[in-house]
Amino acid sequence: MPSFRIVSLVLVLTFFLSHPLSATGHSLIQQRTDAFEPADCPFENPFFSFITPESQGFECGYVTVPEQHADPDGPTIRLPVAILKASGDNPQPDPLFLAQGGPGGDAFGVFSTILPNTNLARDRDLVIFNQRGTLYADPQLACTELNDILAELLVAPRDKADELTKNAYTQCYERFQAEGINLSAYNSVENAADIEAIRAALGYDTFNFYGVSYGTLLGLHLMRDHPEHLRSVILDAVVPPQLNFIPLVPQNTNRLFDQFFQACAADETCQAEYPDLETRFFAVVDQLNEQPTTLTIADPDTGQHYDVRLDGDTLLGFVYQIAYLPEAYAIFPNMVKSFEAGDYRFIEVILPLFLFDDTISDGMYFSVICAEDADFDPEATPLAGLRPQIAANAVEDLKNSYIDMCAIWQVDALGPFIDEPVVSDIPTLLLSGEFDPITPPENAAAAAASLSNSFNYVDAVGSHGAFGSDACANQIVEAFLNNPTVPPNASCLTQASPDNFVPPNTIRVDLIHQINTLDPWAVAFTLLAGLFLLGILSAFVVWPIVLVVRLITQRKIETESRLLRWTRSGLVIVFGLLALVFVVGLNIFIVQSLSGSMAILSVVSSWAAPLFIVPYLLALLALGIIALMIWSWQKKEGTIWSRLYYTFLTLCVIGYISMLAFTGMFSVLI
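Residues numbered from 1 in each chain as written. Predicted model: local features only at pLDDT ≥ 70, side-chain atom pairs only at ≥ 80, totals over all residues. Heavy atoms only, no water.

## Points about the overall build of the protein chain
Okay, step 1: Tallying secondary structure elements over the protein chain gives 25 helices and 13 strands in all.
Okay, step 2: Its C-alpha radius of gyration of 29 Å places the protein chain within 12% of the 26 Å reference for a compact globule of 670 residues.
Okay, step 3: Here the C-alpha coordinates of the protein chain stretch approximately 100 × 65 × 55 Å along the principal axes.
Okay, step 4: Split into buried and exposed, the 670 residues of the protein chain put 56% on the buried side.
Okay, step 5: Put simply, of all contacts in the protein chain between residues at least 6 apart along the chain, 80% involve residues at least 24 apart. (Helix = DSSP H or I, 4+ residues; strand = E, 2+ residues; numbered from the N terminus. Rg over C-alpha atoms; globule rule 2.2 N^0.38 Å. Buried < 20%, exposed > 50% of the residue type's maximum accessible area, 1.4 Å probe, protein only. Contact = heavy atoms within 4.5 Å.)

## Observations concerning the pairing of strand β6 (residues 207-212)
Okay, step 1: Counting buried positions along β6 gives six out of six residues, so the element sits mostly inside the fold.
Okay, step 2: Side chains of β6 alternate between two faces, with F207, F209 and G211 and N208, Y210 and V212 buried alike.
Okay, step 3: In this structure, strand β4 (residues 96-99) lies alongside β6, joined through four bridges in parallel fashion. Paired with L98 across the strands is Y210, a residue of β6.
Okay, step 4: When β6 meets strand β7 (residues 230-236), the two strands line up parallel, connected through six bridges. Residue V212 lies in a different strand from β7, and its bridge partner there is D236.
Okay, step 5: After leaving β6, the chain enters helix α7 (residues 214-225) and then returns to the sheet as β7, a path that is right-handed. (Pairing = 2+ DSSP bridges. Right-handed = clockwise from strand over helix to strand, strands pointing away.)

## Side note on the nonpolar core
As a rule of thumb, soluble globular proteins bury nonpolar side chains together.
Okay, step 1: Counting residues in hydrophobic clusters, the biggest one holds 129 residues, and the most contacted among them are F97, F209, F260, F281, I322 and W409.
Okay, step 2: If you tally residues by element for this core, the top one is helix α12 (residues 328-340), at eight residues.
Okay, step 3: Residues within four places of F281 in sequence aside, it is in contact with F257, F261, L315, L316, V319, F332 and V336.
Okay, step 4: In this structure, F589, V614, L621 and V668 belong to the second largest nonpolar core, which totals 41 residues. (Core = buried A, V, L, I, M, F, W, Y, C linked by side-chain atoms within 4.5 Å.)

## Some points on the pairing of strand β10 (residues 428-433)
Okay, step 1: With six of six residues buried, β10 lies mostly within the body of the structure.
Okay, step 2: Of the two faces of β10, the one lined by T428, L430 and S432 and the one lined by L429, L431 and G433 are each fully buried.
Okay, step 3: In terms of strand pairing, β7 meets β10 through four bridges, oriented parallel. Directly across from D236, in β10, lies its bridge partner L431.

## Some remarks on the pattern of salt bridges
Okay, step 1: Summed over all chains, the structure comprises 21 salt bridges.
Okay, step 2: As a salt-bridge pair, R387 and E278 come within 2.7 Å of each other at their nearest N and O atoms. Taken as a pair, R387 in the loop between α14 (362-372) and α15 (388-391) and E278 in helix α10 (residues 277-290) lie far apart in primary sequence, 109 residues in all.
Okay, step 3: The shortest N-O distance in the salt bridge between K399 and D404 comes to 3.2 Å.
Okay, step 4: Look at the salt bridges and you will find they share partners, linking D94, R124 and R231 into a network. (Salt bridge = Lys/Arg side-chain N within 4 Å of Asp/Glu carboxyl O.)

## Some points on the packing of helix α24 (residues 614-635) against helix α25 (residues 640-662)
Okay, step 1: Interaxial distance between α24 and α25 falls to 10 Å at its minimum, and their mutual angle equals 155°. For the element pair α24 / α25, the angle class is roughly antiparallel. Note that α24 runs across α25; the crossing there is left-handed. Here P615, L618, A619, A622, I625, I626, L628, M629, S632 and W633 of α24 lie close against α25, whose contacting residues are I640, R643, L644, Y646, T647, T650, V653, I654, Y656, I657 and L660.
Okay, step 2: Residues that form the contact of α24 with α25 fall into these classes: 17 nonpolar, three polar and one charged. (Axes fitted to C-alpha atoms, helices over the stretch in contact; angles between N-to-C directions. Parallel < 35°, antiparallel > 145°, perpendicular 65-115°, else oblique. Left-handed = near helix turned anticlockwise from the far one by under 90°. Nonpolar A, V, L, I, M, F, W, Y, C, P; charged D, E, K, R; others polar.)

## As for the sheet that holds β10
Okay, step 1: Taken in spatial order, the nine strands of this open sheet run β1-β2-β3-β5-β4-β6-β7-β10-β11, and their pairing is mixed. Single-partner strands in this sheet number two, and they are β1 (36-38) and β11 (454-459). Neighbour-to-neighbour, the strand axes of this sheet turn through a mean angle of 20°, independent of strand direction.
Okay, step 2: The strands that α7 touches are β4, β6, β7 and β10; relative to β6, the one it contacts most, it runs at about 145°.
Okay, step 3: Most of the contacts of helix α17 (residues 441-448) go to β10, to which it runs at about 160°, and overall it touches β10 and β11.

## Comments concerning the state of the cysteines
Okay, step 1: Per the counting criterion, the structure on display carries five disulfides.
Okay, step 2: At a sulfur-sulfur separation of 1.9 Å, the disulfide partner of C41 is C60. Measuring handedness by torsion sign, the sulfur bridge of C41 and C60 sits at about 90° and is right-handed. Within this pair, whereas C41 is found in the loop between β1 and β2 (58-66), its partner C60 is found in strand β2, the two being separated by 19 residues in sequence.
Okay, step 3: With a relative accessible area of 13%, C41 lands in the buried category.
Okay, step 4: Given a relative accessible area of 6%, C60 falls into the buried group.
Okay, step 5: What pairs with C472 in a disulfide is C492, and their sulfur atoms sit 1.9 Å apart. With the S-S dihedral at roughly 75°, the linkage between C472 and C492 falls on the right-handed side. Of this pair, C472 sits in helix α18 (residues 471-482) while C492 sits in the loop between α18 and β12 (506-508), and the two are 20 residues apart along the sequence. Take C472 and C492: they sit in the same class, and that class is buried. (Disulfide = S-S within 2.5 Å.)

## Some points on unusual backbone geometry
Okay, step 1: Cis rather than trans, the peptide bond between G102 and P103 has omega equal to -10°.
Okay, step 2: D138 connects to P139 through a cis peptide bond whose omega is 5°.
Okay, step 3: Locating P139 in the fold gives a position in the loop between β5 (126-129) and α3 (145-148).
Okay, step 4: Of note, the phi angle at Y136 is positive, near 75°, even though the residue is not glycine.

If you want it as structure tokens, here you go:
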């Protein structure tokens, strides 16, 4: 539940790929009601479109619920639901329901990717649903009016950007009003009632609930209002109702930077490699506030380029959002070093993932926030002890982003009960990350105080949301679901401490980012490069066979052409061996990067520098191979078949060099 700003939407990223799962759908029979309507799955695999949800075992449909549950005969809302049937032979009768954060986030994009090949999918049904007003729901509360002003908004200074944003949301609100949508119905109380309606529609007697970020607040409301069928609850990155997270954003931002700086200072190597980190970072912030710079980003879907104004406040907001990623503390020092050098390529690569995320339903966000958490005074925000760069615009940001926005987004405020602590004896697991930018461990402790059967754990290196991004957290969740009445074994948490900091001397390889995001062009170019290399390596099989045949047939080679033949063959052999060395070495360094914190920055160790000289050597060899191919045809050297095969090898060489160029291998050392 981060602070909403157009330049810093919540990053909902995951780099965990799943494989097709041939689920047989072993499950206990439920009596579904007519409220569930089977339908094709509306979502796709975010990485491989050829992997359909149905092939992974998902059954999809819609559950129809009242717009207001107190008026069951009034207007209705359709909620998308996907059920992943348990694949094991002895499934448990109680499924796990999973709710995304936001408010307004899309649950399918994340959970449908990380769940299919887990032990959870073997043991019980998994039910993923999108909340009212979010993606694929009918209606969906997405404010597309922002798209029309995006180019102007990205280069506007603070005051102008606030004005443009408010005008766009005014138009969005008026559009929803004209469509007859009751925006006051999109709150946590109705949302919690929807979950109970989905359970009833699917015919489950009891169920377990998992929520992350805002999903935890929703889970707590579910425990208060509809506890009867809940077997257990998992709250990941906890938002307790008794704490209003909005006025605490400045304090939590300051706390986040405390954590970043302390983690580096406590690590001897990091401290030596990045001395005076805090002073250096805020010097960059101050410099950018005095002299903003302009970046260029590209929409990954359309390829359209946009200019972006980067000042110090925007840089602070960007780093804040990066903290949502696992191990962000480990990349932060290297980021500071790059920013000092005026290198903002990382922002240009990552920022589009924020700005062009069309899965967030911002109308749903404001309906929830304005009904439940906009009752605060920005002027009363505690600023004592905050760094001046964080405190400078804190009150103004809170006023513009919430008070002014909720004056536009007129919805009925819920009563004081919505802010009361939830008291419950339902078995509850609470998970927090020490580096969480918005829901620190103190939140979970506050919620757990009134949950008598709760187990509260903190990951010393965790960020916002542990399940799905941390193997230790996954084990704890699995153990808790197996027996929610006893404390799960959390010994793996004691083994974690901040380390693995990215060193200052690294080499940026854009291909790593393209691999992480599975850019279709990068994937195509990489596959083509592999095919071209196989074509080149065919010479290691074909030429020995030809040589053996010539020896057997005692066919002589003309003395004049022997040197030419051996030269061109030697160039191809050397090219193939060097290309093979490059591929193996590149894969070793990329695998090391992807298994550590360097993957986020798209960098590899500086030890890889000699490897990236190889593409230049290959380019020189390619020139020689091309020249000898032309010479062979001019001199009509050898048989027509030998010339044709050598031409094939030359074309493979040209293709391989082209793929190296397209994937940026010639610019790594520049």
